[in-house]
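Residue-level structure breakdown
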Amino acid sequence: MLFDVGRPDAAGRVTARALLRALGWTPGLALYVDVVRGAILITPAAVGAHVVGAREELPLPAAARHLCGIATGEPVLLAALPRRNRIVVHPSNTVTAVLADLHARILAEPS
């Protein structure tokens, strides 16, 4: 698994050059974008309404951003899964919750 952090622009695009290159996704590649359990799942598609942008950016459609609570300029965690040929975009509130839970468990353990 590979990670990157990005910030969607006003059009909902987020730059992901390193992850796209690791997956071999090139500009113009058709994408399927879906929301699954509060995250945005992006996979290649035979045909699709969305494509990898010319500047190696991923589209995060407004409806998907809204469902996940992702605002313009807010950091998102991008996780590429090369073996599954997909990218999962996690909103910062999810990352914050997971880390808060982890840290609470770590601090609760006896030293």
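A quick note: this is a predicted structure, and the numbers were derived from the prediction, not measured.

Quick word on the environment of Arg37
- Considering the arrangement of structural elements, one finds Arg37 in the loop between β3 (30-36) and β4 (39-44).
- Separated by 30 residues in the primary sequence, Arg37 and Leu67 have C-alpha atoms spaced 9.8 Å apart.

Some points on the environment of Gly53
- If you trace the backbone, Gly53 turns up in the loop between β5 (50-51) and β6 (57-59).
- The spacing of Gly53 and Gly6 is 47 residues in sequence and 15 Å in space, taken between C-alpha atoms.

Let's talk about the sheet that holds strand β1 (residues 2-6)
- In spatial order, the strands read β1-β7-β8-β4-β3-β5; together these six strands make up an open sheet with antiparallel pairing. Edge positions in the sheet fall to β1 and β5, since each has one partner strand and no second.
- Of the strand pairs in this sheet, β4 and strand β8 (residues 86-91) are connected by three bridges, and their pairing is antiparallel. Among the inter-strand pairings, Ile42 is bridged to a residue of β8, identified as Ile87.
- This element, helix α3 (residues 92-108), spans β7 (76-81) and β8 of the sheet and lies at about 75° to β8.

Cut-off values and rules
- Residues numbered from 1 in each chain as written.
- Predicted model: local features only at pLDDT ≥ 70, side-chain atom pairs only at ≥ 80, totals over all residues.
- Heavy atoms only, no water.
- Helix = DSSP H or I, 4+ residues; strand = E, 2+ residues; numbered from the N terminus.
- Pairing = 2+ DSSP bridges.
- Contact = heavy atoms within 4.5 Å.
- Axes fitted to C-alpha atoms, helices over the stretch in contact; angles between N-to-C directions.

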